Amino acid sequence: MDHKESWNTVLVLAYQSLGVVYGDLSTSPLYVYKNAFAEGIHHSETNEEIYGVLSFVFWTLTLIPLLKYVFIVLRADDHGEGGTFALYSLLCRHARVNSLPNCQFEDEELSEYGKDAVTNPYSTGFGSRLKSTLEKHGVLQKFLLVVALIGTCMVIGDGVLTPAISVFSAVSGLELCMSKEHHKYVEVPIACVILIGLFSLQHFGTHRVGFLFAPIIKTWLFCISSIGLYNIIYWNPHIYQALSPYYMYKFLKKTRTGGWMSLGSILLCITGSEAMFADLGHFSPLSIQAAFTVVVYPALVLAYMGQAAYLSQHHFVSSDYKIGFYVSVPEKLRWPVLVIAILAAVVGSQAVITGTFSIIKQCHALGCFPRVKIVHTSCKIHGQIYIPEINWILMLLCLSVTIGFRDTKHLGNASGLAVITVMLVTTCLMSLVIVLCWRRSIFVAIGFVFFFGSIEALYFSASLIKFLEGAWFPIALSFIFFTIMYVWHYGTLKKYEFDIQNKIPINWLLSLGSSLGIVRVSGIGLIQTELVSGIPALFSHFITNLPAFHQVLVFLSVKSLPVPHVVSGERFLVGRIGPKEFRVYRCVVRYGYRDFHKDDIEFEKDLVCSIAEFIRTNGLAKDDEDQKITLVDVMCDDNCSFEVPAQSGTSSSGGIKEHKEMMPPSVMRKRVRFLVPEESPGGNMMAEDARMELDDLIEAREAGIAYIVGHAYVRAKHGSNLLKKLAVNVFFDFLSRNCREATFPLALPHATSLEVAMRYHV
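Residues numbered from 1 in each chain as written. Predicted model: local features only at pLDDT ≥ 70, side-chain atom pairs only at ≥ 80, totals over all residues. Heavy atoms only, no water.

**Comments concerning the overall build of the chain**
Note the cut-off: Secondary structure elements follow DSSP: runs of H or I of four or more residues count as helices, runs of E of two or more count as strands, with numbering from the N terminus. For every residue, the accessible area (1.4 Å probe, protein chains only) is compared with the maximum for its type, and the residue is labelled buried under 20%, exposed over 50%, or partly exposed between those bounds. It only takes one pair of heavy atoms within 4.5 Å for two residues to be counted as in contact. Using a 1.4 Å probe, the Shrake-Rupley method yields the accessible areas, and only the shown protein chains count as cover for residues.
Each helix and strand in the chain was counted, giving 24 helices and 9 strands. Classification of the 762 residues of the chain by burial places 57% in the buried group. When contacts within the chain are restricted to residue pairs at least 6 apart in sequence, long-range pairs at least 24 apart make up 84% of them. As displayed, the chain has an accessible area near 31,600 Å², and 62% of this comes from carbon and sulfur atoms.

Quick look at the structure:
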C-alpha cells in the first residue's frame with residue numbers, strides 16, 4: 001500500500017512539474033531556429049545549415065539536460081534540495097568552508113550531516129588533501145563563495161530574461177496574421193499585459209500554479225510533437241539522418257565564424273535545464289526524471305525534427321519569420337497553436353521564477369542575501385515558497401527588458417549568456433562535490449569537467465562575443481546583485497566578528513554574584529544574540545544603563561545551518577552560564593535553510609520546555625561554571641502541564657504531589673509535563689535543587705516573557721580604507737535600513753519587547 005501511495009505521489013509531482021519545471025524548456029522551439037538563422041546564416045538548397053543546426057540541437061539536448069542533469073546532477077541533491085547554492089552548502093559541510101564562523105561541534109552530529117557520511121575504501125588521499133587545502137586558505141573559500149554567488153546572480157538574471165523572451169516569442173506569431181506596421185504596435189503591449197498577469201499569480205503558490213499550468217504544458221507538448229511528427233512524415237521522412245554528428249562538422253566547416261556565433265542561439269534549446277535542479281525542492285528527483293525522459297525529451301526531439309523537415313523543403317526567405325516556428329505549423333492550426341503557445345510561454349516563465357525564489361531563500365538563510373519576506377505556500381512541501389519583494393522586482397525588470405529590447409534576437413543573446421554561465425558554475429561545483437562529497441577519484445571529476453565543461457565553454461564563448469548585442473544585460477544585472485549579496489555577506493560577517501571580539505568573559509558574570517549585581521524582577525528575560533558562546537556585549541550595555549533584570553535569563557541564538565532541514569528533536573541546544581543559582585541559560589535554536597519558523601505560541605512553548613527538560617535531565621550534573629551545551633529533545637504531548645513533585649518528607653496528604661501548573665497565556669497553547677524523580681541516585685538534595693530550579697522557571701514563565709532584541713548600527717572603524725567605508729557606511733547601512741527586520745523565530749509582542757541599540761565599529 002505504501003509503495004502504491006509513493007508511486008501515486010511521484011506521478012502527481014511529475015504531472016505538476018510539467019507546469020512548473022518544464023515550461024521554459026518546452027517553449028524553446030518558439031525561437032531557437034529563428035535566432036540561429038539571424039546570425040547571417042543562409043538556408044541553402046543543400047540543407048547543410050538546417051541539418052547542422054538540428055544535429056547541434058539534438059546532441060545538446062541529449063548531453064546537457066538528459067545526461068548531465070537527469071542522470072548526474074540530480075543525484076547531488078542536498079537532501080531533496082537543488083540549485084547552485086545547494087551544491088555550495090554540501091561543500092560547506094564536507095570541507096568546513098562556510099564563511100560564517102558560528103558553527104559548533106554539535107552541528108556535525110546532526111542526522112542530516114550523518115546521512116552524507118560516505119565511506120569508500122578505494123578512495124585516494126587527494127580528496128582529503130583538497131579538503132585540508134580549502135579549510136586552510138581563506139582565499140580559496142572566498143573564491144568558492146564568489147563562484148556560487150555568480151551562479152546565483154545569473155539565475156536571477158535568467159528569471160528576468162526567460163519570461164520576456166518566452167512571452168515575446170509567442171506573441172510574435174501575430175506577425176503572420178497582420179502587417180508589420182500594426183504588429184510592432186501590438187506586440188509589446190500584449191507581452192507586457194501577459195507578464196503582469198503572470199507575476200500577479202505567483203502568490204497563489206507552486207501547488208496551485210502547477211495544477212493550473214500543467215494541462216497547458218501537456219497540451220503544448222502534445223501539440224508540438226504531433227505537428228513535428230506530421231511534418232516529418234509529410235515533408236521529409238529521412239530527416240533522422242541529420243541527427244548524425246557529422247552534420248555538425250559540415251555546418252561549422254561551411255559557415256565558419258557565422259556558425260560559431262549561431263551557437264549562442266542554438267544553446268537556447270536547453271534554457272530551463274537548470275530549473276530541473278533549482279526546482280528540486282518543490283518536487284522530487286524521481287518525479288522530475290520521469291517527466292523529462294518519458295514526456296518532455298521525446299516531444300522536444302520530434303518538434304525540432306519536424307521544423308527541420310519542413311524547412312528542408314522550403315528555402316524561400318522573404319522575411320525573418322519564415323525561419324520561425326509558426327511557419328512550420330499548418331495554416332488551419334495557426335490560430336489555435338498561437339493561443340496555446342502564448343499560454344505555454346506564460347507557463348515557461350514559471351520555471352525560472354520558482355527557481356529564483358528557491359535559490360534566494362537558500363542565500364538568505366546562509367547570510368548572503370538581505371532579509372526578505374518568505375511565504376510558505378504549501379503545508380506539505382516546505383520548499384514551495386513565494387517572496388513578494390523579489391516577485392515584483394523581477395516583474396519590473398522583465399517589463400523593462402521587454403520594452404527596451406523589443407527583439408527576440410537581443411533577448412536571446414542575453415538569456416543565452418545567463419543560462420550557460422549558470423551551467424558552467426554548476427559543472428565547476430559538481431566537480432568538487434564528486435571528490436569531496438561522493439569521494440570519487442579525481443579522474444572522475446576531471447573527466448566530468450573536461451567533457452561537459454568543454455561543451456559549455458564552446459557555447460559560452462559564442463554567447464560572450466555578442467556582448468554589445470544584448471549579452472551585456474545579464475552581466476550588468478549580475479554585477480548589481482553580486483554587489484548587494486557580497487556587501488551584505490561582508491557586513492554580516494564583520495558584525496559577527498565584532499560580537500566575538502567584544503563578548504564578555506564568564507569571570508565578569510561570576511564577579512557579580514547570584515543577583516548579578518542588579519535587581520532581579522519576576523519573569524523570563526529573553527536576549528537575542530548571534531553568539532553561540534560567551535556573553536554578548538549587549539547585555540553589559542543594557543544593565544549598565546538599566547540595572548535591573550529578570551529572575552531567569554536566557555541568551556537565545558537562532559542560526560541557520562547548511563542543511564535543508566533540522567528535525568525537531570535536534571533543534572534545541574541548552575546549557576547554563578554560571579552556577580545553577582544564577583538561573584542564566586543559553587539556548588541555541590538551529591534551522592535548516594529550507595525550514596520555516598513556527599508561530600510564536602509554538603516556539604515559545606518549545607523554548608521553555610527545552611529549558612525545563614534540560615533542568616530535569618541535568619539535575620544530577622556537576623555544578624560547574626561553564627557547563628557543556630546539551631542537545632534537548634522536546635517531546636510535547638497534548639493536554640499536559642508542568643508538574644514538580646514535592647520533596648519526600650514535606651507536608652503533603654497521602655503522598656499527593658505538590659502540583660504547580662504553568663497557566664498558558666493563550667487558550668490554545670499546548671502544555672508539557674516534566675517529572676523530576678523523587679528518588680535519584682544522587683540523593684534527595686539533588687532532586688530538591690532540580691525541583692527548585694523548575695519551580696523558579698515555572699514561576700517566571702507565569703510572570704511573562706520579555707524580549708530584548710539588539711539593533712546594531714555598523715560603521716567602519718577609524719583608519720579604514722575608502723572602499724571599506726563605502727561598503728559598510730553606505731551600502732550595508734542602506735541595505736540594513738531598507739530590508740526587513742532581523743530574523744526572529746516568533747512575532748514579538750510590542751508590549752513586552754525592548755530594542756537595545758549599539759554602534760559597531762568594524
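Now that the structure is up, let's keep going.
**A word on the pattern of salt bridges**
For clarity, the cut-off: Basic side-chain nitrogens of Lys or Arg form a salt bridge, by our definition, when they fall within 4 Å of a carboxyl oxygen of Asp or Glu.
Under the counting rule described, the total for this entry stands at 11 salt bridges. Across the salt bridge formed by Lys-250 and Glu-48, the nearest N and O atoms sit 3.4 Å from each other. One end of the pair, Lys-250, is in helix H11 (residues 246–255); the other, Glu-48, is in helix H4 (residues 48–70), with 202 residues separating them in the sequence. Its relative accessible area of 22% is what places Lys-250 among the partly exposed residues. Here Arg-576 ties to Glu-693 by a salt bridge, and the two come within 2.9 Å at their closest N and O atoms. One end of the pair, Arg-576, is in strand E5 (residues 572–576); the other, Glu-693, is in helix H23 (residues 684–703), and 117 residues separate them in sequence. Both residues of the pair, Arg-576 and Glu-693, count as buried.

**What about a nonpolar patch on the surface?**
Applied cut-off: Patches draw on residues past 30% relative accessible area with no salt bridge. Two like charges within 9 Å are joined, as are two nonpolar side chains (Val, Leu, Ile, Met, Phe, Trp, Tyr) within 5 Å.
A surface patch of nonpolar side chains, about 490 Å² in accessible area, is lined by Leu-464, Phe-467, Leu-468, Trp-472 and Ile-475. Along the chain, Phe-467 turns up in the loop between helix H18 (442–464) and helix H19 (472–501).

**Re the packing of aromatic side chains**
The line we're drawing: Any Phe, Tyr or Trp ring, taking Trp's six-membered ring, that has another such ring centre within 6.5 Å forms a pair; planes under 30 degrees apart are called stacked, those over 60 apart edge-to-face, and the others tilted. Comment: the charge-over-ring label is applied if NZ (Lys) or CZ (Arg) is within 6 Å of the ring centre and within 35 degrees of the ring normal.
One pass over the structure, following the stated rule, counts 22 aromatic pairs. Pairing Tyr-246 with Tyr-249 gives two aromatic rings, centres 6.4 Å apart and planes at 35 degrees, and the pair type is tilted. Here Tyr-249 and Tyr-246 lie together in helix H11, a separation of 3 residues that amounts to about one turn. Judged by centre distance (5.9 Å) and plane angle (45 degrees), the rings of Phe-292 and Tyr-297 are tilted. Here Tyr-297 falls in the buried class, since its relative accessible area comes to 14%. Members of the aromatic cluster, each reached through a chain of ring pairs, are Tyr-51, Tyr-246, Tyr-247 and Tyr-249. The positively charged end of Arg-75 is found above the aromatic ring belonging to Trp-438, 5.1 Å away from the centroid.

**Details of the side chain of Asn-231**
With respect to the helices and strands, the residue Asn-231 is situated in helix H10 (residues 206–235). According to the relative accessible area criterion, Asn-231 is buried, its value standing at 1%. If sequence neighbours within four positions are ignored, Asn-231 has contacts with Asn-236, Gly-306, Ala-309, Tyr-310 and Ser-328.

**What about the sheet that holds strand E8 (residues 705–715)?**
One key point about sheets: their strands pair by backbone hydrogen bonds, in either a parallel or an antiparallel sense. As a reminder, the rule being used: A pair of strands is treated as paired once DSSP finds two or more bridges between them. Throughout, an axis means a line fitted to C-alpha atoms (over the contacting stretch in the case of helices), and angles, computed between N-to-C directions, take values from 0 to 180 degrees.
Read across the sheet, 7 strands follow the order E7-E5-E6-E4-E3-E8-E9 without closing on themselves; strand pairing throughout is mixed. Two strands bound the open sheet, and with one partner strand each, they are strand E7 (630–632) and strand E9 (753–761). Across the sheet, the mean angle separating the axes of adjacent strands is 30 degrees when strand polarity is ignored. Bridging between E8 and E9 involves 9 bridges; their strand directions are parallel.

**A few points about the confidence of the model for the chain**
Interpretation of the predicted coordinates at a detailed level should be avoided for regions scoring low in pLDDT. Worth spelling out the cut-off: Residue-level confidence of the predictor is summarised by pLDDT, bounded by 0 at the bottom and 100 at the top.
Confidence along the chain averages 78 in pLDDT terms, with 78% of residues attaining 70 or more. Residue range residues 115–123 is modelled with pLDDT below 50. Its contacts to residues more than four positions away, or to other chains, number 12 contacts.

**What about helix H17 (residues 408–436)?**
Each turn of an α-helix holds 3.6 residues, which means side chains three or four residues apart point in the same direction. Selection criterion: Working rule for helices: expected span equals 1.5 Å times residues minus one.
Helix length check: H17, at 29 residues, gives a terminal C-alpha distance of 42 Å against a target of 42 Å (1.5 Å per residue), a fit within 8%. Judged by how many residues are buried, H17 sits mostly within the fold: 24 of 29 residues are covered.

**Notes on the packing of helix H7 (residues 126–136) against helix H8 (residues 138–171)**
To be explicit about the condition: Here is the rule for angles: anything less than 35 degrees is roughly parallel, anything more than 145 is roughly antiparallel, 65 through 115 is roughly perpendicular, and the remaining ranges are oblique. The residue classification treats Ala, Val, Leu, Ile, Met, Phe, Trp, Tyr, Cys and Pro as nonpolar and Asp, Glu, Lys and Arg as charged. All others, Gly included, are polar.
Viewed as axis vectors pointing N to C, H7 and H8 meet at an angle of 95 degrees, and their least axial separation amounts to 5 Å. The angle between the axes of H7 and H8 places the two elements in the roughly perpendicular class. Contacts from Thr-133, Leu-134, Glu-135 and Lys-136 in H7 reach Gly-138, Leu-140 and Gln-141 in H8. Here the residues of the contact of H7 with H8 are counted per class, giving 2 nonpolar, 3 polar and 2 charged.

**A short note on unusual backbone geometry**
With a phi close to 65 degrees, Asn-47 is a non-glycine residue in the positive phi region. Counting through the fold element by element, Asn-47 comes out in the loop between helix H3 (32–36) and H4.

**A look at the packing of helix H5 (residues 84–95) against H8**
Our working definition: Left-handed describes a crossing whose near helix is turned anticlockwise from the far helix by less than a right angle; the clockwise case is right-handed.
Following both chains from N to C, one finds H5 and H8 inclined at 160 degrees, their axes separated by 9 Å at the closest point. When the interaxial angle is binned, H5 and H8 end up roughly antiparallel. As for how H5 packs across H8, the hand of that crossing is left-handed. Within the contact between the two elements, H5 uses Thr-84, Phe-85, Tyr-88 and Leu-91 and H8 uses Leu-144, Leu-145, Ala-148, Leu-149, Gly-151, Thr-152 and Val-155. Considered class by class, the residues forming the contact of H5 with H8 number 8 nonpolar, 3 polar and no charged.

**Side note on the environment of Ala-445**
Considering the arrangement of structural elements, one finds Ala-445 in helix H18. Sequence separation between Ala-445 and Met-430 is 15 residues; the distance between their C-alpha atoms is 8.0 Å. When sequence neighbours within four positions are dropped, the list of residues in contact with Ala-445 reads Ser-431, Ile-434 and Val-435.

**Topic: the pairing of strand E3 (residues 519–528)**
The pairing of E3 with strand E4 (residues 548–561) spans 8 bridges and is classified as parallel. Note that in E4 the partner of Gln-528 across the bridge is Leu-556. Note: E3 against E8, 4 bridges, orientation parallel. Looking at E8, one finds that Ile-524 is bridged to Ile-705.

**Some details on the environment of Glu-702**
Within the secondary structure, Glu-702 sits in helix H23. For the pair Glu-702 and Ile-524, spaced 178 residues apart in sequence, the C-alpha separation works out to 9.1 Å.

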